[in-house]
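Listed below are the residues making up each chain.
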Amino acid sequence: LGTRTPHTQTKSQHTKMSSESAAAPAAGGKSESFAFNADITQLMNLIINTFYSNKEVFLRELISNSSDALDKIRFQSLSDKSVLGEAKELKIDIIPDPKNNTLTIQDSGIGMTKEDLINNLGTIAKSGTKQFMEAIKAGADVSMIGQFGVGFYSAFLVAERVTVESKNNDDDVYRWSSDAGNSFKIEAVPDSDLKRGTRITLQLKDDQLSYVEEKTLKDLVKKHSEFIGFPISLWVTKTEEKEVDDDEDEEDGDDDDDDKPKVEEVKSEKTEKKKKTITEEKSDWEVLNKQKPIWTRAKDEIKKEEYAAFYKALTNDWEEHLAVKHFSVEGQLEFKALLFCPKRAPFDLFEGKKKRNNIKLYVRRVFIMDNCEDLIPDYMAFVKGVVDSEDLPLNISRESLQQNKILRVIKKNIVKKSIEMFKEIAENKDDYKKFYEAFAKNIKLGIHEDSTNRKKLADLLRYNSTVCVNEVTSLKEYCGRMKKEQKNIYYITGESRAVVEQSPFLEKLKKKGYEVLFMVDPIDEYAVQQLKEYDEKKLVCVTKDGLKLEMTDEEKKKKEDEKAAFEDLCTKMKEILGDKVEKVILSDRLSTSPCCLVTGEFGWSANMERIMKAQALRDNSMTSFMVSKKTLELNPEHSIVKELRVRFQSNAQDQTVKDLVWLLFETSLLTSGFSLPEPTTFAGRIHKLIKLGLSIADNDEEEVVPAEEANKEDDDDVPPLENQGEDMEDVD
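Draft legend 1. The arrangement of the overall build of the protein in detail. Along its length, the protein carries 23 helices and 23 strands. For the protein, the proportion of its 732 residues judged to be buried stands at 44%. Restricting to contacts in the protein with at least 6 residues of sequence separation, those with at least 24 account for 71%. In the form shown here, the protein has an accessible surface area of approximately 41500 Å², with 47% of it arising from carbon and sulfur atoms.

Draft legend 2. Quick look at empty space enclosed by the protein. Scanning all chains against the criterion turns up three cavities of 30 Å³ or more. Volume-wise, the largest cavity comes out at about 60 Å³. Only α21 (655–671) and α22 (679–694) provide two or more residues apiece to the lining of the largest cavity. Per-class residue counts for the lining of the largest cavity are four nonpolar, one polar and three charged.

Draft legend 3. Geometry of α22. Over its 16 residues, α22 runs 23 Å from end to end, which matches the ideal 22 Å to within 8%, given 1.5 Å per residue. Note on α22: the residue one or two positions beyond its end, S695, has a positive phi of about 60°.

Draft legend 4. Fine view of a nonpolar patch on the surface. A surface patch of nonpolar side chains, amounting to about 350 Å² of accessible area, comprises I686, I690, L694 and I696. With respect to the helices and strands, the residue I686 is situated in helix α22. Residue classification places I686 among the partly exposed positions, given a relative accessible area of 31%.

Draft legend 5. Structural context of the environment of K433. Within the secondary structure, K433 sits in helix α10 (residues 429–449). Judged by relative accessible area, which is 54%, K433 ranks as exposed. A C-alpha to C-alpha distance of 9.5 Å links K433 and R462, two positions 29 residues apart in sequence.

Draft legend 6. Region of interest: the pairing of strand β9 (residues 232–245). Direction of pairing for strand β3 (residues 92–97) relative to β9: parallel, over a ladder of three bridges. Following the sheet pairing, D93 is matched in β9 by S233. Pairing analysis gives 13 bridges linking β9 to strand β10 (residues 275–287), with the strands arranged antiparallel. By the bridge assignment, D245 is partnered in β10 with K275.

Draft legend 7. Looking closely at the sheet that holds strand β18 (residues 516–519). Spatial strand order, β16-β18-β17-β20-β19: five strands in an open sheet with mixed pairing. Taken across any chain shown, the strands that pair with only one partner, and hence form the sheet edges, are β16 (464–465) and β19 (533–534). Strand direction decides the pairing type here: strand β17 (residues 489–493) and strand β20 (residues 537–541), joined by three bridges, are parallel. Each residue of the ladder has a partner; that of Y491, found in β20, is C541.

Draft legend 8. Representation of the environment of P96 within the structure. Within the secondary structure, P96 is located in strand β3. Here the alpha-carbon distance between P96 and V212, two residues 116 residues apart in the chain, equals 4.9 Å. Every residue in contact with P96, bar those within four places of it in the chain, is listed here: T102, L103, V212, L217, L234 and W235.

Draft legend 9. The arrangement of the packing of aromatic side chains in detail. All told, the structure shown has 23 aromatic pairs when counted by the stated rule. Judged by centre distance (5.9 Å) and plane angle (70°), the rings of W295 and F310 are edge-to-face. Placement of W295 in the loop between β10 and α8 (304–315) and of F310 in helix α8 is noted, with a sequence separation of 15 residues between them. In terms of burial, W295 and F310 fall into one category: buried. Ring geometry for F382 against F439: centres 4.0 Å apart, planes inclined by 15°, an arrangement best described as stacked. Of this pair, F382 sits in the loop between β14 (366–369) and β15 (384–389) while F439 sits in helix α10, placing them 57 residues apart in sequence.

Draft legend 10. Main features of a negative patch on the surface. On the surface, a cluster of negative charge is made up of E160, D179, D206 and D207. Along the chain, D179 turns up in the loop between β6 (173–178) and β7 (185–188).

Draft legend 11. Seen up close, the nonpolar core. Counting residues in hydrophobic clusters, the biggest one holds 77 residues, and the most contacted among them are C341, V383, I410, F422, F435 and Y490. Element by element, the count of residues in this core is highest for helix α9 (residues 404–426), at nine residues. Residues in contact with C341, not counting those within four places in the same chain, are H321, L322, A323, F382, M421, I425, F435 and F439. Formed by 47 residues, the second largest nonpolar core is a distinct cluster that contains I63, I110, Y174 and V236.

Draft legend 12. Spatial organisation of the pattern of salt bridges. Scanning all chains against the criterion turns up 37 salt bridges. Between D521 and K444 there is a salt bridge; the shortest N-O distance is 3.7 Å. Of the two residues, D521 sits in the loop between β18 and α15 (522–530) while K444 sits in helix α10, which places them 77 residues apart along the sequence. For D521, a relative accessible area of 14% corresponds to the buried category. Residue K444 is classed as buried on the basis of its relative accessible area, which comes to 5%. Of the charged contacts, one joins R497 and E501 as a salt bridge, the two residues approaching to 3.3 Å between their closest N and O atoms. With a gap of four residues between them, R497 and E501 both fall in helix α13 (residues 497–501), about one helical turn apart. One salt-bridge network, in which partners are shared between bridges, spans E165, R175, E187, D193 and R199.

Draft legend 13. Layout of the sheet that holds β10. Here eight strands make up an open sheet; going across it, the order is β7-β6-β5-β8-β4-β3-β9-β10 and the pairing mixed. This sheet does not close on itself; its edge strands, each paired only once, are β7 and β10. The mean inter-strand angle of the sheet, taken between neighbouring strand axes irrespective of direction, is 20°. Set on the sheet, helix α4 (residues 114–121) makes contact with β5 (159–167), β6 and β7; between it and β6 the angle comes to about 25°.

Draft legend 14. Spatial organisation of the packing of helix α3 (residues 57–77) against helix α6 (residues 214–224). Relative orientation of the contacting elements α3 and α6 amounts to 65°, with a least axis distance of 10 Å. In this structure, the crossing between α3 and α6 has a hand that is right-handed. Each of L59, R60 and I63 in α3 lies in contact with α6, whose residues at this interface are L217, L220, V221 and H224. The class makeup of the residues in the contact of α3 with α6 is five nonpolar, one polar and one charged.

Draft legend 15. Main features of unusual backbone geometry. Phi at E536 is positive, roughly 60°, even though this residue is not glycine. Topologically, E536 is positioned in the loop between β19 and β20. Within the chain, S695 stands out as a residue other than glycine whose phi angle is a positive 60°. With respect to the helices and strands, the residue S695 is situated in the loop between α22 and α23 (724–731). With a relative accessible area of 58%, S695 lands in the exposed category.

Analysis parameters
Residues numbered from 1 in each chain as written. Predicted model: local features only at pLDDT ≥ 70, side-chain atom pairs only at ≥ 80, totals over all residues. Heavy atoms only, no water. Helix = DSSP H or I, 4+ residues; strand = E, 2+ residues; numbered from the N terminus. Buried < 20%, exposed > 50% of the residue type's maximum accessible area, 1.4 Å probe, protein only. Contact = heavy atoms within 4.5 Å. Areas by Shrake-Rupley, 256 points an atom, 1.4 Å probe, with all protein chains shown as cover. 1 Å grid on protein atoms, 1.4 Å probe; cavity = no way out; pocket = protein on both sides within 12 Å on 5 of 7 lines; lining within 4 Å. Points joined across faces, edges and corners; volume = space filled by probe spheres on them. Nonpolar A, V, L, I, M, F, W, Y, C, P; charged D, E, K, R; others polar. Expected span 1.5 Å × (residues − 1). Patch = residues over 30% accessible without salt bridge, like charges linked within 9 Å, V, L, I, M, F, W, Y side chains within 5 Å. Salt bridge = Lys/Arg side-chain N within 4 Å of Asp/Glu carboxyl O. Pairing = 2+ DSSP bridges. Phe/Tyr/Trp six-rings, centres within 6.5 Å; stacked < 30°, edge-to-face > 60°. Lys, Arg positive; Asp, Glu negative; His and termini not counted. Charge placed at Lys NZ, Arg CZ, Asp CG, Glu CD. Core = buried A, V, L, I, M, F, W, Y, C linked by side-chain atoms within 4.5 Å. Axes fitted to C-alpha atoms, helices over the stretch in contact; angles between N-to-C directions. Left-handed = near helix turned anticlockwise from the far one by under 90°.

Written as structure tokens, this is what we have:
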């Protein structure tokens, strides 16, 4: 760019060189410097239409400029009160004019001289605020918004022509006007009523006339500039109905000819005059930013009622918040934050299309965004509040943050303080009960997703258990009640509390006095996959393989003897059931039930299998390798199991006993939380046993043959059993 060799230049090209060009010796010739030129109209068009994705931000930018101007005059008045002159009130006024399609923003700030108008408004990307900040000493009590020097030009998003009148204490009133073309005009205004400050008048485009509507302006100020430190007033026109005396009859009478005789009726004094309603229009100023940014104050000075009022104004909630966390962070990045926890969860808490979070981001009290996905994790989407920073790296439109590192610092602090807020709620049992009923799923989702804060979130979990049936208990309280010999935290997952309370998996644990947690929320299955341990104690699912209970030497010897005695039965039952089970073994977890089905330690539990089958859009390919192999565990002390062992020893080919094995397997499926793959076959076995109990012959009816035995040769008739009554008692 800008480099040509001497032999390629013509005389005409040489004359077009910039006056700032300079020559320097170089190998083979001279190098020359050229200044960049710009098509101002095209550049203005780019600034106006490219920097801002939303036209409504023009009002935010102009109000921010006014706020900076007011800050400047306030800063000067600290050392010299006389600079305020007659206009002592520091304010911003917005005046819509629907008749002329204009919108005026006026402030009583520092104003601009003629030279300022030329330099600041006539020079693109020159920030008067930035220049002012550089001129004053660091640490002064002043906070400015402007950085880039292009915010003013956002006015041309909605206006075809912009007029600026400004009065500085050091100069007269001057008017600057432009239609965003190549030029602008400046003229003196000797008869202006402007005492000090700036008045910007926008001649709105034909398709932008909504910005003179009262509701639109109120919504924009509330959204973007609600917490500006100076009062923002809107000139509003209100219609009022008023009752007045109806004097029309008397007026009509006055119009009659004076020559005609008049007949007057004598009216009673008690007769009331007729009334009529007339409509009057009244115009007045309405302050739009009455809600103050309380996060800028010290939290010791703020009352509970003020927090409640601010929360309702911020969130439009009809009831007060449950808890609040007010804090500030200082260091490389400085910001203040105010976080609220609501009392109840919104109905669309887990809607995929809803807004990702409820944290509003402000920079120097000017609203930037409320949809920053990196500001807070998804599981804390119910937390509401504001984050206000003095200096964040924004892009020119102030619509997005430019450094993810800054966001990570803010997110880390918000998550940390939110968890602290939840723990403060947990100190009050009644409050935490409300909180946990509303947001338990969020906490469990956090355990699944947030590995960094998993241990802290685990302290917030609450469950019913075999000990705390009607009340919930924390993991910390559970550990405090553990027996000396107990090494693990035991839990069971299931469809409901009623189901898991009667589960056969709890029998031996109850007998030994071990407490078992009830996890009946579907999301518990996901959370516990990530929460492997708590307080150095492993979480063990009692429905899965790998449950090892402490045993005495006598119990160990007894188990070895039983294992040898029932080895043939286990082998035979495995042959009958085939690939339906991976193995058949004796159980350590049963005391009153004959058998149960357990899943592999690292696969899906029965409850997880049920949850995954219920997914409408599930991936069937995952099911094939995540479904665990089932292990049938027998209770060697149960009468049914003992009798089965005897029957198999006497006749290993007894078809009725085989049917009983299948029946035991299918009932174990049900009691262990699985679903029956072939309900009709199961019903057929039950019907067959009913007929046996009633001594009904089965010759004329078709025998129900299970799918597993469809290819095997079976006898048409069931062989008669000896002592049928005793057999049925055993089955019962």
